[in-house]
Amino acid sequence: MKQISTFILVTILVMGLVVGVAHAERLVIEGSTTVLPIAQRAAEEFMARNKDADISVRGGGSGVGITSLIAGTCDIANSSRPIKDSELEKAISRGKEPKAHVIAMDGIAVIVNSANPITGLSKQQLKDIYTGKISYWSEVGGPSEKIVVVSRDSASGTFEAFGDLALDKQKVRKDALMEASNQAVASVVAKTPGAIGYVGLAYIGKGVKAIEIDGVMPTKSTVVSKKYRLSRPLFMYTNGKPTGLAKEFIDFILSPEGQKLVDEEGYVSIK
Amino acid sequence: MQRLREKIYRWIFTILAFASLIFLVGIILFLFKESLPLFRYVPVGDFLLGTAWYPTHEEAEFGILPLIVASLWVTLGALVICVPLGVGSALYIHELASARQRAFLKPLIEILASIPSVVYGFFGMVIAAPFLQQLLKLPTGLCAFTASVMLGIMAVPTVTSIAEDALSCVPNSFREASLAVGANRWQTLTQVVLPAAGSGISTAIILGMSRAIGETMTVLMVAGGAAVMPRSFFDPVRPMTSTIAAEMGEAAVGSLHYNALFSIGLILFLITLIFNILAEIISRRFRLKLGLGR
């Protein structure tokens, strides 16, 4: 009994200490799950160097991050798409001015099962497959199999970026399979011979292969040179010009060291 | 002193008993509060009967008919599997099994209920779906059929244990009378015991249905997730629960999409509520019929 009460006392003391430190300098980062690995890694490195800084990083999705920034519940909003006009209007009406910082680039790779003989598609063919005009691989020079179209759930930034870049904002066919993460898309495509899907560059794994779009393979160099059409910048939004800890953090990510982390996480650095 | 103490205990337990009522009312109020703003922009008819679910598109569409149909579709499929398995097991355990078999079978079926649903989903995704895809030469194994099989297995313990309760409510005198007039075991079972326990077994089936329709993780992982009206059991579908689970995390609080997801939750709640009320009515009748009162 005595041991327990000592334990509780010590816990409370330690928690008090932690809270005390947290009060020193605190930064809340929220948003895109695509940007999450970069933000998380950078926050760890940053906190290892600045013992005073307390950075909490949350996912939630691009839309959630921007909504939180507008509501003032986060300091930095991660986003895998540019802010929408409707969101900008809302921000301005609340006296906020979101400022974009491009922190990395990412390519959206189109993947098929590694047993699929197809090695490339034109952008038009890709669009026709995803909007429902093409339903069999034989229509694009493959086997006479049905195409199993795999997409992300409609709330993800990757879904919206793919819609903008590849589908010219047209609606994805209704019978497309919906998966909740990049990883899930990759594993479904790996297990389904007739499947096609799209994932961030970092998620091209075993059992799937990336295909050329308009003759260009998605690689870090084709994304940097913008030759690969399905590439997008990844953003961190702040309210107005960043100050204090937020500024230090964003400067860190944009520094050569920060960009090295971006590279290591499988994304494309901007410098 | 003693009386005061007793009074206090009485109060504590009264509060505890009413706590769940408070939770229920709170959840219902919250569901309505978060879902009603949607209907200022989307007519109820378009919501319930629309066939296009594009919640984040610039020209957003919030039609949930494919999602409702998908939920009912996989639940129907699950019934085909869990009714014979569940009721059959209950009959065997209660009417035919020896005491030793019963002592072994009953806990085993209950263990089935304790497997987390994400494990069922994982099993379905990694083993059942690829197997069915190859076996039946389907384009993909992630479809209503696979989801139905998994949900059916998951609902078996619910159906079995409630059906078994119903069987144990049938007085032994019924069986004895039947056997005494010369009926054999099979006739006793199908013509006396089953009809007597019939409404209790219906309750079991309906509760199994609510279990299946409300299941989330497994269908999210196994059903495929295509928001399209299913034309066969081998089409990928997207039940209501998996839509909420997949999209709620990324829907901005206060957006129409967010309200729409709550509205789906409301519809789902109403459907399971109807199931549970039906089950309650039927089971009351059953008790009256057997002269057990309330």
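Going along each chain's sequence as written, the residues are numbered from 1 onward. Whichever chain is written first is A, and whichever ligand is written first is 1; the rest continue in order. In view of the model being predicted, local features appear only for residues whose pLDDT reaches at least 70, and side-chain atom pairs are presented and counted only at 80 or more, with totals across whole chains, interfaces and linings using the full set of residues. In computing side-chain properties, one takes all heavy atoms of the structure into account and sets aside hydrogens as well as water.

**Student:** Lay out the interface of chain B and chain A in plain terms, naming residues and giving numbers.
**Tutor:** Listed by partner, the interface residues are 31 residues for chain B and 33 residues for chain A. Across the interface of chain B and chain A, roughly 2,500 Å² is buried in total on both sides, 56% from carbon and sulfur atoms. For any pair of parts, buried area is found by adding up, for both, the accessible area (1.4 Å probe) each one loses once the two are put together. In terms of surface lost to chain A, no three residues of chain B exceed Tyr54(B), Thr56(B) and Glu250(B), which account for 26% of the buried area on that side. By convention in these notes, a salt bridge is any Lys or Arg side-chain nitrogen within 4 Å of a carboxyl oxygen on Asp or Glu. Counting the contacts that link chain B with chain A gives one salt bridge. Note that Glu61(B) and Lys171(A) form a salt bridge whose closest N and O atoms lie 2.4 Å from each other. Under this definition, polar contacts are N or O atom pairs within 3.5 Å; protein pairs additionally need one hydrogen-donor-capable and one acceptor-capable atom, and for neighbouring residues in sequence, both atoms have to be side-chain atoms. Taken together, chain B and chain A are joined by eight residue pairs in polar contact (both at pLDDT 80 or more). The set of elements that each furnish at least two residues to the side of chain B that touches chain A consists of α5 (117–136) and α10 (240–248) of chain B. Two residues form a contact once any of their heavy atoms are found within 4.5 Å. Where helices and strands are cited, they refer to DSSP runs of H or I of at least four residues and of E of at least two residues respectively, numbered from the N terminus.

**Student:** Explain helix α3 (residues 62–71) of chain A residue by residue, including any values.
**Tutor:** Residue and element names in this part refer to chain A. Relative accessibility thresholds used throughout: buried, under 20% of the residue-type maximum; exposed, over 50%; partly exposed, between the two (1.4 Å probe, protein chains only). Among the ten residues of α3, eight are classified as buried, and the element is accordingly described as predominantly covered. Listed in full, the buried residues belonging to α3 are Ser 62, Gly 63, Val 64, Gly 65, Ile 66, Ser 68, Leu 69 and Ile 70. One or two steps after α3, the chain reaches Gly 72, where phi turns positive at roughly 85°.

**Student:** Give a description of the pairing of strand β3 (residues 76–79) of chain A that names residues and reports values.
**Tutor:** Residue and element names in this part refer to chain A. Every second residue of β3 is oriented toward a common face, with Ile 76 and Asn 78 on one face and Ala 77 and Ser 79 on the other, all of them buried. One ladder, built from three bridges, connects strand β1 (residues 25–31) with β3; its direction is parallel. Looking across to β3, one finds that Gly 31 is bridged to Asn 78. Any two strands are treated as partners once DSSP identifies two or more bridges connecting them. Here β3 runs beside strand β11 (residues 231–239); their pairing, made up of four bridges, is antiparallel. Within β11, the position partnered with Asn 78 by the bridge is Met 236.

**Student:** Account for the domain arrangement of chain A, with residues named and values stated.
**Tutor:** All names here are of chain A. Domain start and end points were adopted from an automatic or database domain assignment. The domain architecture assigned to chain A consists of domain 1 (2–105 + 233–264) and domain 2 (106–231). Each of domain 1 and domain 2 has a C-alpha centre, and the two are 31 Å apart. Taken together, the contact pairs nine residues of domain 1 with nine residues of domain 2. Of the roughly 790 Å² buried at the junction of domain 1 and domain 2 (both faces included), carbon and sulfur atoms supply 45%. When residues of domain 1 are sorted by the area they lose upon contact with domain 2, Thr 34, Arg 81 and Met 105 head the list and together hold 52% of the total. Of the charged contacts, one joins Asp 263 and Lys 220 as a salt bridge, the two residues approaching to 3.6 Å between their closest N and O atoms. Along the contact surface separating domain 1 from domain 2 lie four residue pairs in polar contact (both at pLDDT 80 or more).

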